[in-house]
Amino acid sequence: MAELKHLLFMVNSGPDKPFNHYAAYVVAFAAKYIGKIEDVTIYYGAYGIEMTRKGKLKELGINDDIKSLVAGQIDGLKPEDLPDNLEDLGRFLSEKMGVRIVSCATFHVIEGAGSDLNDRSNIVDFIEPVTIPEAAKIFLTAEKIFDY
């Protein structure tokens with residue numbers, strides 16, 4: 001496996017493509033847990049902004065069959081270790097594993113999810129809105145980018 005330090009998952013889709021969100025979160029988990037990659041970021045782009053709104057990720061559930069399927073592929077993980085939805089998984093990734101989850105603050109304003117670049121009132125608490133210069137730094141320092 002390549003010695004990566006900076007890995008980026010670009011999620012540029014909405015609720016119409018839920019598997020993109022599942023894949024980004026599960027592979028980000030695997031990158032930290034299995035790959036021991038130091039800096040893992042999930043970035044919600046212009047077409048993914050809808051998913052940063054409060055409650056949207058919670059709508060993407062993780063049922064017992066999916067928990068068993070995923071846990072069965074990762075040593076040391078049991079189905080009961082997994083949360084019931086992507087919002088809870090995102091919170092775990094962010095708070096416990098150090099995965100940075102960000103979104104384009106510019107599109108928060110354009111799409112009405114925020115009144116200004118710093119307005120976080122309508123988005124999930126663990127998602128950090130970033131400005132264009134901050135987003136550029138994230139993209140330019142990433143050694144590998146996966147696009148969902």
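What this report covers is the structure whose coordinates are included nearby.

Parameters and conventions
- Residue indices begin from 1 for each chain and proceed along its sequence in written order.
- Totals for whole chains, interfaces and linings use every residue, but because this is a predicted model, local features are given only for residues with pLDDT of at least 70 and side-chain atom pairs only at 80 or more, for both listing and counting.
- Only hydrogens and water are set aside; all other atoms, that is, all heavy atoms of the structure, feed into the side-chain values.
- Definition of nonpolar core: a set of buried residues of the types Ala, Val, Leu, Ile, Met, Phe, Trp, Tyr and Cys, connected through side-chain atoms within 4.5 Å.
- Partly exposed residues are those whose accessible area sits between 20% and 50% of the maximum for their type, while under 20% is buried and over 50% is exposed, using a 1.4 Å probe and protein chains only.
- In this description a helix means any DSSP run of H or I spanning at least four residues, a strand means any run of E spanning at least two, and both kinds are numbered starting from the N terminus.
- Residues are treated as being in contact if the distance between any of their heavy atoms lies within 4.5 Å.
- By this rule the span expected of a helix is its residue count minus one, scaled by 1.5 Å.
- Inter-axis angles, ranging from 0 to 180 degrees, are taken between N-to-C directions of lines fitted to C-alpha atoms, where helices are fitted over the stretch in contact.
- An angle counts as roughly parallel when it lies under 35 degrees, as roughly antiparallel when it exceeds 145, as roughly perpendicular when it falls between 65 and 115, and as oblique in every other case.
- Each crossing gets its hand from how the near helix is turned against the far one by less than a right angle, where anticlockwise is left-handed and clockwise is right-handed.

So, the nonpolar core
Judged by nonpolar contacts, the single largest core of 31 residues is most densely connected at Y25, I42 and Y44. Among the elements that take part in this core, helix α1 (residues 18-33) stands out by supplying 6 residues, more than any other. Ignoring sequence-local partners within four residues, the contact set of Y25 consists of I42, Y44, L57, L86, L89, G90, L93, I101 and F126. V102, C104, V130 and A135 belong to the second largest nonpolar core, which has 11 residues in total.

Some remarks on α1
In this model α1 runs 23 Å from its N-terminal to its C-terminal C-alpha over 16 residues, within 8% of the 22 Å that 1.5 Å per residue would give. Listing the buried residues of α1 in full gives N20, H21, Y22, A24, Y25, A28, F29, A31 and K32. Contacts made by the buried residues of α1 are with β1 (6-11), β2 (39-44), α3 (86-97) and β3 (100-104).

Thoughts on the environment of Y47
Along the chain, Y47 turns up in the loop between β2 and α2 (64-71). On the basis of relative accessible area, Y47 is assigned to the exposed category, the value being 66%. Here the alpha-carbon distance between Y47 and C104, two residues 57 residues apart in the chain, equals 9.9 Å. Apart from the residues lying within four places of it in its own chain, the contact partners of Y47 are N12, S13 and G14.

Observations concerning the packing of α1 against α3
The interhelical angle for the contact between α1 and α3, taken along N-to-C directions, is 25 degrees, at an axis separation of 11 Å. Comparing the axis directions of α1 and α3 gives the class roughly parallel. Here α1 and α3 pass one another in a crossing that is left-handed. Counting all contacts with α1, which are made through H21, Y22, Y25, F29, K32 and Y33, the residues of α3 involved are L86, L89, G90, F92, L93 and M97.

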